[in-house]
Amino acid sequence: MGGPQAPVRRRIAGAALLAGAATLAGCGFRLRRPAPMRFRSIAFAGFERGSALAEELRRQLPPTVQVVSDTRTAQVVLQALADARERSVVASTAAAQVRELQLRVRFEFRAPPPAGRELIPRTELRLARDLSYREDLALAKEQEEAELVRGMVGDIAQQVLRQLAAIEL
């Protein structure tokens, strides 16, 4: 079935794949790794019970950092000031049917001073994503919306962790 040129094509494809892998290895490509933290314990304050963002932060923290419940024993305290999810209609038809939504996640936080200077001043992170919408696909769009929000929460957690990694104790 592939004819007499099939082995030649496979060799060319294999050589191209090998060349691509060698290029990536030679350029210093590495998977993203969590930034090293300069502290060993952190406490979360001001988060709602069952907060998806607090859970995502716990999940993404390196294993060298322990999450403690007592803010007095933690080297760093991450204080949530606002953790909000918003959904608004940005486009609709003449018949008032929703065609596009905008999803927003907003997180405001700070790391208060343990013994003097503030580690991270009041900071606000905002992310937004657009979502097309059709009433006949409501269930699928609901699942897509949940996935987009989960992705935004993960992105915000990564941004917070990068700021935590920059803390000098």
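Nothing here was measured: the structure is a model prediction, and the numbers come from that model.

(A) Structural context of the overall build of the chain. Across its full length, the chain holds three helices and five strands. In sequence order, the secondary structure elements of the chain are arranged as α-β-α-β-β-β-β-α. For the chain, the accessible surface area stands at approximately 11,300 Å², while carbon and sulfur atoms represent 53% of it.

(B) Structural view of the packing of helix H2 (residues 52–60) against helix H3 (residues 138–165). Packing of H2 against H3 leaves a shortest axis separation of 9 Å and a crossing angle of 55 degrees. As summarised for this structure, H2 and H3 are arranged oblique, according to the angle between their axes. The hand of the H2/H3 crossing is right-handed. Where H2 approaches H3, its residues Ala52, Leu53, Glu56, Leu57 and Gln60 are matched on the opposing element by Val153, Gly154, Ile156, Ala157, Gln158, Val160 and Leu161. When the residues that make up the contact of H2 with H3 are grouped by side-chain class, the tally is eight nonpolar, three polar and one charged.

(C) Broad picture of the sheet that holds strand E4 (residues 98–111). Spatially, E2-E1-E3-E4-E5 is the arrangement adopted by the five strands of the open sheet, whose pairing is mixed. The open sheet has two edge strands with one neighbour each: strand E2 (66–67) and strand E5 (120–132). Relative to strand E3 (residues 76–92), strand E1 (residues 41–45) runs parallel, the two being bridged by four bridges. Looking at the pairing, alanine 45 lines up with glutamine 79 of E3.

(D) Here's a closer look at the nonpolar core. Grouped together as the largest cluster of nonpolar side chains are 34 residues, with contacts concentrated most on Ile42, Phe47, Leu57, Val160 and Leu164. At the level of secondary structure, the elements contributing two or more residues to this core comprise E1, H2, E3, E4, E5 and H3. Top element by residues in this core is H3. It accounts for eight residues. Not counting the four nearest positions on each side in its chain, leucine 57 is found in contact with Phe44, Phe47, Leu78, Ala157, Val160 and Leu161.

(E) Quick peek at H2. The complete set of buried residues in H2 reads Leu53, Ala54, Glu56, Leu57 and Gln60. Down the axis of H2, the buried side of the element spans an arc of 160 degrees, and every buried residue falls inside it. Check the buried side of H2 and you find it contacts E1, E3, E4 and H3. For H2, the capping residue at the N-terminal end is serine 51, with a side-chain oxygen 3.3 Å from the backbone nitrogen of leucine 53.

(F) Broad picture of unusual backbone geometry. A positive phi angle is found at alanine 96, which is not glycine, with a value near 65 degrees. Relative to the helices and strands, alanine 96 resides in the loop between E3 and E4.

(G) Seen up close, the environment of aspartate 136. Mapped onto the fold, aspartate 136 is located in the loop between E5 and H3. A distance of 2.6 Å separates a polar atom in the side chain of aspartate 136 from a polar atom in the side chain of arginine 134.

(H) Molecular detail of the pairing of E4. Relative to E4, E3 runs antiparallel, the two sharing 12 bridges. For serine 88, the partnering residue across the bridge sits in E4 and is glutamine 102. Here E3 hands over to E4 after five residues, with alanine 96 in that stretch at a positive phi of 65 degrees. Of the pairings in the sheet, the one linking E4 to E5 comprises 11 bridges and is antiparallel in character. Among the inter-strand pairings, valine 105 is bridged to a residue of E5, identified as leucine 127.

(I) Local environment of the pattern of salt bridges. If you walk through the whole model with that rule in mind, you get 17 salt bridges. Arginine 110 is the partner of glutamate 118 in a salt bridge, and the nearest nitrogen-oxygen pair spans 2.8 Å. Relative accessible area serves as the criterion here: at 33%, glutamate 118 is assigned to the partly exposed category. We note a salt bridge from arginine 129 to aspartate 155, for which the minimum N-O separation is 3.1 Å. On the criterion of sequence distance, the pair formed by arginine 129 in strand E5 and aspartate 155 in helix H3 is long-range, its members being 26 residues apart. A residue is classified by how much of its surface remains accessible, and arginine 129, at 28% relative accessible area, is partly exposed.

Parameters at a glance
- Residues numbered from 1 in each chain as written.
- Predicted model: local features only at pLDDT ≥ 70, side-chain atom pairs only at ≥ 80, totals over all residues.
- Heavy atoms only, no water.
- Helix = DSSP H or I, 4+ residues; strand = E, 2+ residues; numbered from the N terminus.
- Areas by Shrake-Rupley, 256 points an atom, 1.4 Å probe, with all protein chains shown as cover.
- Axes fitted to C-alpha atoms, helices over the stretch in contact; angles between N-to-C directions.
- Parallel < 35°, antiparallel > 145°, perpendicular 65-115°, else oblique.
- Left-handed = near helix turned anticlockwise from the far one by under 90°.
- Contact = heavy atoms within 4.5 Å.
- Nonpolar A, V, L, I, M, F, W, Y, C, P; charged D, E, K, R; others polar.
- Pairing = 2+ DSSP bridges.
- Core = buried A, V, L, I, M, F, W, Y, C linked by side-chain atoms within 4.5 Å.
- Buried < 20%, exposed > 50% of the residue type's maximum accessible area, 1.4 Å probe, protein only.
- Arc of directions from axis to C-beta.
- Polar contact = N/O pair within 3.5 Å; in protein donor to acceptor, adjacent residues only side chain to side chain.
- Salt bridge = Lys/Arg side-chain N within 4 Å of Asp/Glu carboxyl O.

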